[in-house]
Amino acid sequence: MTGAAPPSPVTARTIHKSFRRETDEIVKALEGVSFEARQGTLTALVGPDGAGKTTLLRLIAGLMVATSGELEVLGIDVAADPQTIQNRIGYMPQKFGLYEDLSVQQNLDLYADLHGITGEQRREIYPRLMEMTDLGRFTERLAGKLSGGMKQKLGLACTLVRAPELLLLDEPTVGVDPLSRRELWEIVTKLVHEDGLTVVVSTSYLDEAELCDHAVVMHLGKVLAQGKPDEITAKAKDNVFIVTPEKGMTARSLQARLFRQEGVADAVPEAGKVRVVKKPDHRGEIRIDDRPVKLEPTAARFEDGFMVLFSAVASKSQSSEVTLDRSKPGNGDEISVEVNDLVRTFGDFTAVNHVSFQVRRGEIYGLLGPNGAGKSTTFRMLCGLMPATSGTLRVAGADLRTSRAEARQKLGYVAQKFSLYGDLSVDENLDFFASAYGLRGAKKRERIAWSKDQFELGELATLPSGQLPGGFKQRLAMAAALLHEPDILFLDEATSGADPLARREFWGRITALSEQGVTVIVTTHFMEEAEYCDRIIILDAGRNLAEGTPAEIRAHAEPKNGEEPNMEDAFIAIVEESRKETRKAA
């Protein structure tokens, strides 16, 4: 006779959590959430910003109390005894509290001291943590000098220093490059499969959910579906297709048009073609210009199932196009950005090491690389925010070494984090940025009206921008960046945290801008977004490792399991090969 199965480390039943804003408005963060995280399994809370993932993790960690419902962690009622739970679990929030002026070793020692870890216990656990995270070579380095991926590994090591019974990870890979992301997930899956640790992780990366035992798909505080990843994938079964662009049409142009069609749940560029997910209840043809589109069936994946669920509850924008008042399509030869032998040093550290490239008018150019590769430094120099140590840099016809202010008048910039004024309304933000760009009188009113119309912001004009829903913050940031009709638009991780529908709509607008002659330079950690680019450069350690079209970049990776390599496979292959050669030469 077998004994009863041990209780699940996390059991949530119909959890509700509400917050009261300063205006006395009640905000429902969680509505009737139920799920279990079983012993020795990896559970993913999947969904975009605002889904309720962080709130749910903080409830499990005993850092706040549910408004109603039942929540047991390690067999204990969280509301009754949160301290006991906090003593037995590990919780790594999105902004983990590393001390940047302390070394790797000092950070570990500090967390060990806080948790009362004895010297004998440290001698046992430290070597394993160093091996697991590959931080053993960097114990004397200040935490502030680590790359983003290494900081996340150190945060994880500090969380694991007391061998928790349950590990909670809140978006551990946000802002982390693909190589570091893969290394972090190798650590997490090893903890689950080899050590039997129970892990609950929140993520907005849909490919990460496929690595989990159980996925809980969330949106606006509700559970849309849950089950094994294969069960979510099955929601799109027999509804996923590949469409090949006609001669003369780019994959991104075809994607933008397909995404707007009735009956389409998702459309994304993939290896020079477009992956299309039909809504299961759509029985008609998919048509463009009143002609049926030829659909080649392909196997579904988790993201396809997610998008079927998500598209059923989230509304698409009426239009993802942008029509400029001043359209200037490129002629294919005009150089918009010219970088030659660019160097930037900080003391004896070389952040950008003799990098050269050109971007033509109307091109979408991707600037990619691991954390610490030098791409942010290059980006800042291109925007005129930082001078180069040596080399030449021409942007929109101006030499940035001598005419930085002139060049900046022709640039638009959308930052990774929402960088507008949260306390100001949509109208007030647009008014402020229009004035900052030198717009006055009738021209200013005309441009603000244009931006509100193009980005469907009219009904939200008086709302404080910090309270804008979902992708509307991103729309406002884009509207502000385009008020002065810039020649070049810089996008710095601009889709980070946005929901998948908002990201697709965002790229539809970027495609429309490109077709009207705006040059776009983008950084992103979503490798599938590199497929929207005309050309890509991959940097590491300040050097140019590879440059070319998406197809030329993908050719650097070998097919695996009979499937063509994707952009992430190629990115990792290029970076790893370069680092291997560097180690050989050392």
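All of these numbers come straight from a predicted model, not from anything done at the bench.

(A) Region of interest: the packing of helix α10 (residues 302–311) against helix α16 (residues 500–515). Two elements in contact, α10 and α16, have axes whose closest approach is 10 Å; the angle formed by their N-to-C orientations is 95°. The angle between the axes of α10 and α16 places the two elements in the roughly perpendicular class. Contacts between α10 and α16 involve Glu303, Phe306, Met307 and Phe310 from the former and Pro500, Leu501 and Arg504 from the latter. The residue inventory of the contact of α10 with α16, partitioned by class, reads five nonpolar, no polar and two charged.

(B) Spotlight on helix α5 (residues 148–159). With 12 residues, α5 should reach 16 Å at 1.5 Å per residue; the first-to-last C-alpha distance of 17 Å fits that figure. Taken together, the buried positions of α5 are Gly149, Met150, Gln152, Lys153, Leu154, Gly155, Leu156, Ala157, Cys158 and Thr159. Of the surrounding secondary structure, the elements contacted by the buried residues of α5 are β6 (89–92), α3 (104–114), α4 (119–133), β7 (166–170) and α6 (178–193).

(C) Spatial organisation of the sheet that holds strand β11 (residues 240–243). The strand order β12-β13-β11-β16 describes an open sheet built from four strands, whose pairing is antiparallel. The sheet terminates laterally at β12 (264–270) and β16 (296–297), the two strands that pair on one side only.

(D) Representation of the side chain of Arg252 in the model. Relative to the assigned elements, Arg252 resides in helix α9 (residues 251–259). In terms of polar contacts, Arg252 uses its side chain to reach the side chain of Ser514, at 3.2 Å. When residues no more than four places from it in sequence are discounted, the contact partners of Arg252 are Pro269, Gly362, Ile364, Thr511, Ser514, Tyr532, Cys533 and Asp534.

(E) Spatial organisation of the packing of aromatic side chains. Applying the stated criterion to the full structure yields 10 aromatic pairs. Summarising the aromatic geometry, the rings of Phe357 and Tyr365 are spaced 5.0 Å apart at their centres and angled 15° between planes, so their arrangement reads as stacked. By relative accessible area, which is 5% here, Phe357 ends up buried. Both rings, one in Trp507 and one in Tyr532, keep their centres 4.5 Å apart while their planes meet at 10°; by these two values the pair is stacked. On the criterion of sequence distance, the pair formed by Trp507 in helix α16 and Tyr532 in the loop between β24 (519–523) and β25 (535–540) is long-range, its members being 25 residues apart. For the pair Trp507 and Tyr532, one class covers both residues: buried.

Cut-offs and rules
Residues numbered from 1 in each chain as written. Predicted model: local features only at pLDDT ≥ 70, side-chain atom pairs only at ≥ 80, totals over all residues. Heavy atoms only, no water. Axes fitted to C-alpha atoms, helices over the stretch in contact; angles between N-to-C directions. Helix = DSSP H or I, 4+ residues; strand = E, 2+ residues; numbered from the N terminus. Parallel < 35°, antiparallel > 145°, perpendicular 65-115°, else oblique. Contact = heavy atoms within 4.5 Å. Nonpolar A, V, L, I, M, F, W, Y, C, P; charged D, E, K, R; others polar. Expected span 1.5 Å × (residues − 1). Buried < 20%, exposed > 50% of the residue type's maximum accessible area, 1.4 Å probe, protein only. Pairing = 2+ DSSP bridges. Polar contact = N/O pair within 3.5 Å; in protein donor to acceptor, adjacent residues only side chain to side chain. Phe/Tyr/Trp six-rings, centres within 6.5 Å; stacked < 30°, edge-to-face > 60°.

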